[in-house]
Amino acid sequence: YLGRPELTADRFVANPFAADRSAGERMYRTGDLVVRRPDGILDFLGRTDDQVKIRGYRVELGDIEVAIAAHPEVARAAVITRPDPAGTQRLVGYIVARPGAASDDDLIAELRTQLRAALPSYMVPTALAVLDDIPLTDNGKLDVRALPDVAATGSAGTGREPRTATEQALCELFADVLAVSEVSADDDFFDLGGHSLLSIRLLNRVRAALGVELSIRDVFDARTVEGIGALVDAAAPAAIRPELVAVARPDWIPASPAQTRLLVLDRFGDTGAAYGYPLVFRVRGALDLAALQSAVDAVVTRHEALRTVFVERDGAFGQRVLPIGTPVPMTVVDVGADDLDAAVDAAAGYEFDLAREIPVRVDVFRSGPDDHTVALLLHHIAADEWSDGPFLADLNRAYLQSRQDRRPALPALPVQYADYTLWQRDLLATTGEPHLAFWREALAGAPDEMTLPTDRGRRANPTGVGGTLHVELPREVVTALHAVGSAQQVSPLMILQAATAVLLHRLGAGDDI
């Protein structure tokens, strides 16, 4: 750590596993707090220090505190993280001003300007507050619980008032989406804590409230209420979207475009277990197998997508929702500790027959009377990382009800995926042509396959077989990567992806990669 010998000594410690202790080998203390299971797996419990992850970047809160304290009117500073409306972490800074400092609003405005110039955008706190003192615990550490909640306030009331109805509406939408108290016309969406996920939420709200379609690029380019307002006023009215509600089901329910893509891959390519979505957890203590079966069945009863199979007619795919009460396949197998990993891997590698099997199954591996491993396997056609949260919440609630000798009673959903499919079909019938036209133009002249100088012939069907090649980059290359990333405010991953695109271009893949 440049210029911080005390932090370097704390982080880079002598390697206790080195064969020759005198060689000076060092290990890096990551600050991750973990517990080692008997099987060697590490469970991550949290952090032991002030290092956090913001928008995918590792951030030392102390670095931000140093940047804030560099202002001549700041006596002390503290920075913490708090969840934002999207559930991700945002930075909040607390300041104690020196005697005779400018007003709180002026000091915060000056600090924002200074921090934007000194730090990458992801390290600039989205909210700043001036306190009389920084609260400390009895042992002199920062008392995080005693720090007040602070909403990002942008220009803190000093910015321009909205002049038009559009700007007024956008100020309200900004404040609602970002959970801030006050927004002016010249406030920046990203300075207030916005990011790509929240920008999608903003776009949906703009479409619903103002009736126009904007893109994520519009938000990133225009950024402020004033800039986005100008785009809204210049945009053509968007087509009115019908309300998504439960509808009468026709005899034939088409597969959605997303389902069709996976079905095509499943029928015409050897995808194997590539689209399996395993959720595996260990249960220490009593596991009520009957309650688990009842709970899984209840979740599948509530969510039609989990009891849907797919049929083909006249070259098109359709959904067939199986009736309430369709049981979920569940097996219970006694497995020794030495064979447990292989058994779980085999369960995760199961290949669904989507024409005959519902896209969920359960395998329970019993290693002892009070030691079970539960492997829930879903197909990606019915689940992803956004939907496993509701799935597991429903499963937990139904299991607890079953354990209490009650029949699981999960409330019915107002709409099901089949309702969404029919709604999307009708929407695309009226709004889909411009999208199709865009992609026809974008893909015009694209080759059927990317011709590269490979060392083997291309198979007719994909096998899913791949490999990993480890390459050690020279020190000077790594230094240059970090320099470019710092200058452009991008991650090393983004630079390496760009380098891969350049390489493919030089190997003959063309200009559109």
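Structure first, text after, so check above.
Cut-offs and rules
Residues numbered from 1 in each chain as written. Predicted model: local features only at pLDDT ≥ 70, side-chain atom pairs only at ≥ 80, totals over all residues. Heavy atoms only, no water. Helix = DSSP H or I, 4+ residues; strand = E, 2+ residues; numbered from the N terminus. Buried < 20%, exposed > 50% of the residue type's maximum accessible area, 1.4 Å probe, protein only. Contact = heavy atoms within 4.5 Å. Areas by Shrake-Rupley, 256 points an atom, 1.4 Å probe, with all protein chains shown as cover. Lys, Arg positive; Asp, Glu negative; His and termini not counted. Charge placed at Lys NZ, Arg CZ, Asp CG, Glu CD. Core = buried A, V, L, I, M, F, W, Y, C linked by side-chain atoms within 4.5 Å. Pairing = 2+ DSSP bridges. Axes fitted to C-alpha atoms, helices over the stretch in contact; angles between N-to-C directions. Parallel < 35°, antiparallel > 145°, perpendicular 65-115°, else oblique. Left-handed = near helix turned anticlockwise from the far one by under 90°. Nonpolar A, V, L, I, M, F, W, Y, C, P; charged D, E, K, R; others polar. Phe/Tyr/Trp six-rings, centres within 6.5 Å; stacked < 30°, edge-to-face > 60°. Lys NZ or Arg CZ within 6 Å of the ring centre and 35° of its normal. Salt bridge = Lys/Arg side-chain N within 4 Å of Asp/Glu carboxyl O. Expected span 1.5 Å × (residues − 1). Bend = angle between axes of the 7 residues up to and from the residue.

Check the secondary structure of the chain and you find 14 helices and 16 strands. Each principal axis of the C-alpha atoms in the chain carries an extent, and together these give about 75 × 70 × 65 Å. Looking at the chain as a whole, 35% of its 513 residues are labelled buried. Intrachain contacts of the chain at a sequence separation of at least 6 include 63% that bridge at least 24 residues. When the accessible surface of the chain is totalled, it reaches about 30,700 Å², and 54% of it is carbon and sulfur. Charge-centre separation for the chain: the mean point of 50 positive side chains lies 3 Å from the mean point of 73 negative side chains.

With that settled, the discussion passes to unusual backbone geometry. The phi torsion at arginine 223 lies on the positive side, around 70 degrees, for a residue other than glycine. For arginine 223, the position within the fold is in the loop between helix H6 (216–222) and helix H7 (225–234). A residue is classified by how much of its surface remains accessible, and arginine 223, at 29% relative accessible area, is partly exposed. In this model, aspartate 314 sits at a positive phi of 55 degrees, which is unusual for a non-glycine residue. Summarising the element assignment, aspartate 314 is placed in the loop between strand S12 (308–313) and strand S13 (316–321).

One finds Val374, Leu378 and Phe391 to be the most contacted residues of the largest nonpolar core, which totals 28 residues. Broken down by secondary-structure element, the contributors of at least two residues to this core are strand S11 (276–284), helix H9 (289–302), strand S15 (360–368), strand S16 (371–379) and helix H11 (388–403). In terms of residues, this core owes the most to one element, H9, which gives seven residues. Setting aside its immediate chain neighbours within four residues, valine 374 contacts Leu279, Val280, Phe281, Val283, Leu287, Leu292, Val362, Asp363 and Val364. Counting residues in each nonpolar core, the second largest holds 24 residues, with Leu173, Phe174, Ala185 and Phe189 among its members.

What follows covers the environment of leucine 178. Along the chain, leucine 178 falls in helix H4 (residues 165–178). Accessibility expressed as a relative area gives 6% for leucine 178, which makes it buried. Put simply, leucine 178 and leucine 192 are 14 residues apart on the chain and 7.1 Å apart in space, counted from C-alpha to C-alpha.

Spatially, the three strands line up as an open sheet ordered S7-S8-S9, and their pairing is mixed. Of all strands in the sheet, those bounded by a partner on one side alone are strand S7 (74–83) and strand S9 (127–131). Neighbouring strand axes in the sheet, compared pairwise and without regard to direction, differ in orientation by 25 degrees on average. Two strands pair when backbone bridges link them, and S7 and strand S8 (residues 89–97) are joined in this way by nine bridges, in the antiparallel orientation.

Quick look at the packing of H4 against H7 now. One way to put it is that H4 packs onto H7 with a least axis distance of 9 Å and a crossing angle of 125 degrees. With respect to their mutual orientation, H4 and H7 come out oblique. The element H4 and its partner H7 pack so that their crossing is right-handed. On the side of H4, the interface is formed by Thr166, Glu167, Leu170, Cys171 and Phe174, while H7 contributes Val225, Glu226, Ile228, Gly229, Val232 and Asp233. Its residues assigned to classes, the contact of H4 with H7 shows six nonpolar, two polar and three charged.

All chains considered together, the criterion is met by nine aromatic pairs. Ring geometry for tyrosine 1 against phenylalanine 12: centres 6.3 Å apart, planes inclined by 55 degrees, an arrangement best described as tilted. Here phenylalanine 12 lies in strand S1 (residues 12–14) and tyrosine 1 lies in the segment before helix H1 (5–11), a separation of eleven residues in the sequence. With a centroid separation of 5.0 Å and an interplanar angle of 85 degrees, the aromatic rings of phenylalanine 438 and tryptophan 439 are classed as edge-to-face. The class of phenylalanine 438 is exposed, set by a relative accessible area of 51%. Three or more aromatic residues joined by ring pairs make a cluster, and in this case those are Phe174, Phe189, Phe190 and Phe220. The cationic tip of arginine 361 hangs over the ring face of tyrosine 350; the distance from NZ or CZ to the ring centre is 4.1 Å.

Now for the sheet that holds S15. The four strands lie next to each other as S11-S16-S15-S14, forming an open sheet whose pairing is mixed. Only two strands of the sheet have a single neighbouring strand rather than two, namely S11 and strand S14 (330–334). Between one strand axis and the next, the sheet turns by 15 degrees as a mean value, whatever way the strands run. Where S15 lies against S16, eight bridges are found, and the strand directions are antiparallel. Residue pairing in the sheet places glycine 368 in a bridge with aspartate 371 of S16.

Okay, the pattern of salt bridges next. What the rule picks out here adds up to 26 salt bridges. The closest approach of N and O atoms between arginine 207 and glutamate 213, which form a salt bridge, is 3.6 Å. Connected through salt bridges with shared partners, the residues Arg160, Glu167 and Glu226 form a single ionic network.

A few words on helix H12 (residues 417–442). Residue pairs three or four apart in sequence face the same way in an α-helix, which turns once every 3.6 residues. Relative to the 38 Å expected for 26 residues at 1.5 Å per residue, H12 spans just 30 Å between its end C-alpha atoms, considerably shorter than the ideal helical length. Within H12, the axis deviates most sharply at threonine 431, by approximately 65 degrees, and proline proline 434 lies no more than four positions further along. Among the residues of H12, those classed as buried are Ala418, Asp419, Thr421, Leu422, Trp423, Gln424, Leu427, Thr431 and Gly432. Looking at the buried side of H12, the elements it contacts are strand S10 (253–254), helix H8 (257–268) and S13.

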